[in-house]
Amino acid sequence: MTHSLAAQINSLLAALILLSAFALLAQRKILGLVHIFAWQGFFLALSTAVIGFASGEHHLYISSLLTLGMKVFLLPYILYKLVHKLKIHRDIEAVVNIPTTMLLGIVLVVFSYHLTAPIRELSNLMTRSTLAVALATVMLGLLMMVTRRHAVTQILGFLAMENGLFFAATSATYGMPMVVELGVALDLLIAAFIFGIFFFHINTTFDSLDVDQMAKLKETD
Amino acid sequence: MTPLDIAGFAVLLLLALAAAAPLLRSVRMLQIPLAFSLSAVASLAAVVAGVMTVAAGSVAAATMTLGIPGLPFHLRLDPLAGFFLVVIGLLGFFVSVYSIDYVKGYGGERSITQMIIFYTLFLAGMLLVVLADDAYFFLVAWELMAAASYFLVMYEDERAENRRAAFLYLLIAHAGAIAILLAFGVMAAQSGAAGFDGYTFDAMRTAHLSSGWAAAAFFLAFFGFAAKAGVIPLHVWLPEAHPVAPSNISALMSGVMLKTSIYGMVRFAFDFIKVFPWWWGGIVLALGLVSAVMGVLYALMQHDLKRLLAYHSVENIGIILIGLGLSMIFAAFHLPALAALALVAALYHTLNHAMFKGLLFMGAGAVLHATHERNMEEMGGLIHRLPWTAPLFLVGCVSISALPPFNGFVSEWLTFQAFLLSPALPHPILKLLIPLGAALLALTGALAAACFVKVFGVVFLGKWRGRHKPERIHEVGWSMRIGMFMAALTCLLLGILPTWVIGWMDTIPEQLCGGRLAESAGKFGWMWLTPIAHERASYSGPVVFIGILAVVAVTWLLLHVRATSVSRVPVWDCGFVKLTPRMQYTASAFSMPIRRVLGFLFAVREQVEIVPHTNHPALPGSLQYRLRIRDRFWNWLYAPQGEAAYWIARQVGKLQQGRIQIYLLYSFVTLIVLLVFLG
């Protein structure tokens with residue numbers, strides 16, 4: 001496999017990651033969101049493996065495996081269990097309607113390409129063209145957190161942001177040092193557990209996972 | 001032993017006492033006498049060090065191995081510092097002796113250990129402020145003094161009023177401390193020394209500041225010290241904190257802690273900056289005049305004994321500032337002899353005020369200790385129940401009213417001499433305006449006398465007005481009497497031997513403004529004080545004292561020559577049989593004429609309410625009179641600031657929406673904006 005072929009595969013995977021990020025914005029069902037998140041993790045793992053193969057940085061295989069285990073199986077499984085336990089299958093409401101959110105997302109993608117243009121000129125890595133996608137994924141995750149009301153979607157937005165950051169690291173510098181990646185993976189796992197505990201508490205306190213209910217905690221009116 | 005060693009010994013003894021106080025707790029009986037008599041020894045050591053330094057005019061400096069890395073603490077003992085060591089040590093000695101019995105009154109109710117720790121730290125902090133010779137050490141000592149006194153003001157902390165007063169004190173003290181820190185920063189930055197060396201006082205002495213930076217440094221420092229000294233309009237903490245603190249602490253705070261800020265002002269103006277335009281002195285003089293007149297007017301309106309004394313501290317700080325301001329004006333016009341006169345007047349009044357205000361607060365503490373009452377309207381006739389406290393308190397009253405032969409007269413007289421010599425200034429407008437200040441000072445003295453006629457008359461003369469029986473009131477313990485007696489004796493000695501005192505402290509004006517006073521002041525021996533020339537003015541403390549003593553002795557002899565010449569009978573009731581002690585002249589009534597004339601200066605609210613008779617509603621049963629006098633400065637200066645801070649907080653509080661999306665949006669927008677600017 002030549003470098004140019006690897007770069008093309010990588011670009012394809014980047015496009016799929018971006019597509020899944022938009023799908024996250026468009027999806028109304030919670031279980032649908034969990035599935036899309038799993039797919040995004042799968043593309044990410046694949047992309048990491050391809051970059052690791054093409055660049056000869058073999059520690060990326062370990063990252064890839066970690067990503068596969070964590071983001072494709074473990075985290076979606078935890079979320080899936082949570083959704084079943086809390087019985088929250090119904091549609092979720094967005095603060096801003098979905099077409100507008102998509103349009104905002106497109107603006108953010110264009111903005112990311114504009115931002116990373118100077119970096120593309122300077123870098124000579126084969127993955128340089130995907131940096132814009134990585135930045136766009138981070139911003140789309142943040143946009144998802146801002147525009148959705150449900151606590152679970154907030155967490156999915158957060159995890160999507162982390163996917164974007166991970167992708168940015170691999171595409172900009174062929175991945176972070178192994179220690180950092182292991183640490184981040186562990187943090188994510190623990191975060192997922194803590195989120196789970198918080199969901200239970202929020203649900204029992206407010207009888208709902210709608211974060212707007214938490215406005216009651218404000219100090220003054 | 002050099003004076004600096006002795007002063008160091010005093011500080012170390014106090015710090016050791018603070019550390020050992022918890023260990024002493026096991027020997028309950030000995031804890032109070034041991035701690036306070038050792039504090040008295042330490043204070044006496046400070047006095048010895050100060051007297052030796054001032055008399056010899058010596059300067060000693062030392063560098064400690066302690067301190068911040070790269071900046072060891074510096075110590076220096078020069079005549080100015082020595083003089084303030086004497087002020088602090090002398091009153092510290094009297095109050096420590098007084099405290100032995102006074103603090104026993106708290107036994108069993110509150111932690112005595114806490115009192116001893118903060119008392120000794122407070123004294124040590126004040127001594128270190130005077131001894132410090134670099135900005136860091138000065139501020140460490142300054143904060144030690146402020147924090148220790150905060151805890152002492154809070155000593156009776158179960159009452160919300162006390163906590164509020166202590167907080168106000170801490171707030172204003174820290175606003176001042178920040179200003180002092182900034183002033184040191186300006187001096188250090190402009191001194192041109194490398195690194196931390198600019199923070200030593202030596203570098204500040206040799207710094208050459210441009211006139212703008214010099215003014216910035218001086219007025220920042222002046223503001224900071226004025227906040228501690230209680231100069232109007234920064235005085236609001238004084239009448240709140242002094243009444244609630246234990247009386248021995250009030251005596252120390254009012255008597256000497258305020259004086260450390262006078263020390264700071266003199267140090268900044270005459271030692272660091274040295275060359276300044278006359279308008280600096282003009283501003284100091286104007287603020288001094290305002291503080292003196294307003295302080296005494298507010299004092300007249302009070303009926304809480306300690307609050308009244310607190311307002312008198314504002315007045316006396318004003319009088320000291322008048323002397324300081326005049327001295328700065330004279331120095332700016334290169335008149336060293338007159339500058340020396342005014343500076344000596346200011347410093348002499350500093351010493352005198354420490355003595356008589358300490359005495360008055362100790363006396364107020366004795367009254368409080370005996371009666372458990374702070375409101376003057378509930379007292380009366382205490383001269384019969386407190387035969388020792390009453391005459392000693394009277395000495396304080398006469399001294400603060402600037403009447404001969406006591407010490408208050410001498411220093412105010414010197415200030416007047418400085419005023420009357422102001423036509424020597426080569427500036428036509430100042431020649432006209434400054435003598436007007438003398439008129440205000442005269443008004444202050446007269447009002448202070450009126451105020452203390454009220455205090456002594458209402459508290460000690462007449463009949464008991466209180467609700468509980470006066471038979472329960474007993475004279476206070478011996479150590480309290482001894483402490484007050486020594487302070488009263490000092491007041492008298494400082495009043496009748498001014499020539500010696502001025503001769504002793506002559507090295508201070510000589511080093512600070514290049515002029516001397518003792519040569520002309522003591523020309524006619526120790527009997528006569530002639531500040532400039534005997535043709536202009538002279539005063540003999542001893543002669544006046546002997547004259548007054550003779551008149552009093554003759555009167556006493558005439559009254560007591562026959563056994564029947566004094567007889568005790570019931571008060572004549574003018575034929576009206578229902579006279580009660582509550583119908584006596586009250587403190588509010590005494591000050592009413594002045595309240596009517598100068599009422600526009602205060603926020604006065606008077607209410608008279610007629611309560612109907614219970615059986616016959618048509619007839620009046622009783623009259624209720626309510627009088628509330630508030631400080632206008634509170635509404636003018638402090639309330640708007642508080643409201644503005646609250647308003648800003650409310651506006652900022654609107655950021656708190658309680659919705660996670662909004663918070664996320666804040667970070668999202670911030671991220672985008674930063675990326676746009678950086679991209």
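Cut-offs and rules
Residues numbered from 1 in each chain as written. Chains lettered and ligands numbered in written order. Predicted model: local features only at pLDDT ≥ 70, side-chain atom pairs only at ≥ 80, totals over all residues. Heavy atoms only, no water. Helix = DSSP H or I, 4+ residues; strand = E, 2+ residues; numbered from the N terminus. Rg over C-alpha atoms; globule rule 2.2 N^0.38 Å. Contact = heavy atoms within 4.5 Å. 1 Å grid on protein atoms, 1.4 Å probe; cavity = no way out; pocket = protein on both sides within 12 Å on 5 of 7 lines; lining within 4 Å. Points joined across faces, edges and corners; volume = space filled by probe spheres on them. Nonpolar A, V, L, I, M, F, W, Y, C, P; charged D, E, K, R; others polar. Axes fitted to C-alpha atoms, helices over the stretch in contact; angles between N-to-C directions. Parallel < 35°, antiparallel > 145°, perpendicular 65-115°, else oblique. Expected span 1.5 Å × (residues − 1). Core = buried A, V, L, I, M, F, W, Y, C linked by side-chain atoms within 4.5 Å. Buried < 20%, exposed > 50% of the residue type's maximum accessible area, 1.4 Å probe, protein only. Domains from an automatic or database assignment. Phe/Tyr/Trp six-rings, centres within 6.5 Å; stacked < 30°, edge-to-face > 60°. Left-handed = near helix turned anticlockwise from the far one by under 90°. Buried area = accessible area lost by both parts, 1.4 Å probe. Salt bridge = Lys/Arg side-chain N within 4 Å of Asp/Glu carboxyl O. Polar contact = N/O pair within 3.5 Å; in protein donor to acceptor, adjacent residues only side chain to side chain.

## Considerations on the overall build of chain B
Part 1 of the reasoning: Counting secondary structure elements, chain B contains 26 helices and four strands.
Part 2 of the reasoning: The C-alpha radius of gyration computed for chain B amounts to 27 Å, which stays within 12% of the reference 26 Å derived for 679 residues, consistent with globular compactness.
Part 3 of the reasoning: For chain B, the spread of C-alpha atoms along the three principal axes comes to 100 × 80 × 65 Å.
Part 4 of the reasoning: Across chain B, the fraction of contacts at a sequence separation of at least 24, relative to all contacts at a separation of at least 6, is 78%.

## Comments concerning the layout of surface pockets
Residue and element names in this part refer to chain B.
Part 1 of the reasoning: Estimated volume of the largest pocket: approximately 540 Å³.
Part 2 of the reasoning: Lining the largest pocket are 18 residues, and of these Glu-240, Gln-302, Arg-307, Ile-629 and Arg-630 sit closest to its centre.
Part 3 of the reasoning: Counting residues per element, the lining of the largest pocket draws most heavily on strand 4 (residues 620-630), which supplies four residues.
Part 4 of the reasoning: Split by residue class, the lining of the largest pocket holds nine nonpolar, two polar and seven charged.

## Topic: the environment of Phe-633 of chain B
Part 1 of the reasoning: With respect to the helices and strands, Phe-633 of chain B occurs in helix 25 (residues 632-653).
Part 2 of the reasoning: Those residues in contact with Phe-633 of chain B that lie beyond four places of it in its chain are Ile-232, Pro-233, His-235, Met-294, Tyr-298 and Tyr-638 of chain B.

## Topic: the packing of helix 6 (residues 151-173) of chain A against helix 7 (residues 178-206) of chain A
All names here are of chain A.
Part 1 of the reasoning: In the contact formed by helix 6 and helix 7, the axes pass within 11 Å of each other and the chain directions differ by 175°. Comparing their axes, helix 7 and helix 6 come out roughly antiparallel. Counting all contacts with helix 6, which are made through Ala-151, Val-152, Ile-155, Phe-158, Leu-159, Glu-162 and Phe-166, the residues of helix 7 involved are Glu-181, Val-184, Leu-188, Phe-195 and Phe-199.
Part 2 of the reasoning: Residues that form the contact of helix 6 with helix 7 fall into these classes: 10 nonpolar, no polar and two charged.

## Looking at helix 10 (residues 247-273) of chain B
Part 1 of the reasoning: Compared with the 39 Å implied by 1.5 Å per residue over 27 residues, the 38 Å span of helix 10 of chain B between its first and last C-alpha is a close match.
Part 2 of the reasoning: Lys-274 of chain B, located one to two residues past helix 10 of chain B, shows a positive phi value of around 65°.

## Regarding unusual backbone geometry
Residues and elements named next belong to chain B.
Part 1 of the reasoning: In the segment running from Ile-232 into Pro-233, the intervening peptide bond is cis, with an omega of 10°.
Part 2 of the reasoning: For Pro-233, the position within the fold is in the loop between helix 8 (211-229) and helix 9 (238-244).
Part 3 of the reasoning: Following Pro-404, the chain continues into Pro-405 via a peptide bond in cis, with omega recorded as 5°.
Part 4 of the reasoning: Within the secondary structure, Pro-405 is located in the loop between helix 15 (389-400) and helix 16 (407-420).
Part 5 of the reasoning: A positive phi angle, close to 65°, is found at Lys-274, a residue other than glycine.
Part 6 of the reasoning: For Lys-274, the position within the fold is in the loop between helix 10 and helix 11 (278-301).

## A closer look at the nonpolar core
All names here are of chain B.
Part 1 of the reasoning: Grouped together as the largest cluster of nonpolar side chains are 232 residues, with contacts concentrated most on Phe-83, Phe-138, Phe-184, Trp-237, Phe-270 and Leu-414.
Part 2 of the reasoning: Tallying contributions element by element places helix 13 (residues 336-371) first for this core, with 23 residues.
Part 3 of the reasoning: Both of domain 1 (277-561) and domain 2 (585-633) provide at least three residues apiece to this core.
Part 4 of the reasoning: Excluding residues within four positions of it along the chain, Trp-237 makes contact with Leu-168, Tyr-169, Ile-172, Ala-227, Lys-228, Gly-230, Met-253, Met-257 and Leu-258.

## Comments concerning the domain arrangement of chain B
Part 1 of the reasoning: As assigned here, chain B comprises domain 1 (277-561), domain 2 (585-633) and domain 3 (637-678).
Part 2 of the reasoning: Domain 2 of chain B and domain 3 of chain B are separated by 49 Å when their C-alpha centres are compared.

## So, empty space enclosed by the protein
One way to see where empty space is left: roll a probe the size of a water molecule over the atoms.
Residue and element names in this part refer to chain A.
Part 1 of the reasoning: Under the definition given, this model contains two cavities of 30 Å³ or more.
Part 2 of the reasoning: Approximately 110 Å³ is the volume attributed to the largest cavity.
Part 3 of the reasoning: Of all the secondary-structure elements, those providing two or more residues to the lining of the largest cavity are helix 3 (59-86), helix 6 and helix 7.
Part 4 of the reasoning: At five residues, helix 3 tops the list of elements feeding residues into the lining of the largest cavity.
Part 5 of the reasoning: Residue classes in the lining of the largest cavity are distributed as seven nonpolar, two polar and three charged.
Part 6 of the reasoning: Size it by volume and the second largest cavity reaches roughly 60 Å³.
Part 7 of the reasoning: Lining the second largest cavity are Leu-75, Ile-78, Leu-79, Leu-82, Ile-155, Leu-159, Ala-192, Phe-195, Gly-196 and Phe-199.
Part 8 of the reasoning: Counting only elements with at least two residues in the lining of the second largest cavity, the list comes to helix 3, helix 6 and helix 7.
Part 9 of the reasoning: Classifying every residue of the lining of the second largest cavity by side-chain character gives nine nonpolar, one polar and no charged.

## Looking at the packing of aromatic side chains
Residue and element names in this part refer to chain B.
Part 1 of the reasoning: Using the criterion set out here, one finds 46 aromatic pairs over all chains in the structure.
Part 2 of the reasoning: Summarising the aromatic geometry, the rings of Phe-138 and Phe-201 are spaced 6.1 Å apart at their centres and angled 55° between planes, so their arrangement reads as tilted. Here Phe-138 is found in helix 5 (residues 135-153), whereas its partner Phe-201 is found in helix 7 (residues 201-206), with 63 residues between them in sequence.
Part 3 of the reasoning: The exposure class assigned to Phe-201 is buried, which follows from its relative accessible area of 1%.
Part 4 of the reasoning: Between the aromatic rings of Phe-184 and Phe-201, the centroid separation amounts to 5.6 Å while the plane-to-plane angle is 20°, which identifies the pairing as stacked. Placement of the pair is Phe-184 in helix 6 (residues 160-191) and Phe-201 in helix 7, with a sequence separation of 17 residues.

## A word on the packing of helix 16 of chain B against helix 17 (residues 428-460) of chain B
The relative placement of two packed helices is expressed as an angle between their axes plus a distance between the axes.
All names here are of chain B.
Part 1 of the reasoning: For the pair helix 16 and helix 17, the least separation of the axes is 9 Å and the interaxial angle reads 160°. By the angle class used here, helix 16 and helix 17 are roughly antiparallel. The chirality of how helix 16 crosses helix 17 is left-handed. On helix 17, the residues touching Glu-412, Thr-415, Phe-416 and Phe-419 of helix 16 are Ile-434, Gly-437, Ala-438, Leu-441, Ala-442 and Gly-445.
Part 2 of the reasoning: Here the residues of the contact of helix 16 with helix 17 are counted per class, giving six nonpolar, three polar and one charged.

## Digging into the interface of chain A and chain B
Part 1 of the reasoning: At the interface, 18 residues of chain A touch 14 residues of chain B.
Part 2 of the reasoning: Roughly 1,500 Å² of surface becomes buried between chain A and chain B when both sides are summed, with 72% attributable to carbon and sulfur atoms.
Part 3 of the reasoning: Summed over the shared surface of chain A and chain B, the result is zero salt bridges.
Part 4 of the reasoning: Seen at the junction of chain A and chain B, the total is zero residue pairs in polar contact (both at pLDDT 80 or more).
Part 5 of the reasoning: Residue assignment for the side of chain A that touches chain B shows that the elements contributing at least two residues are helix 4 (98-122) and helix 5 (131-147) of chain A.
Part 6 of the reasoning: In terms of residues, the side of chain A that touches chain B owes the most to one element, helix 5 of chain A, which gives five residues.

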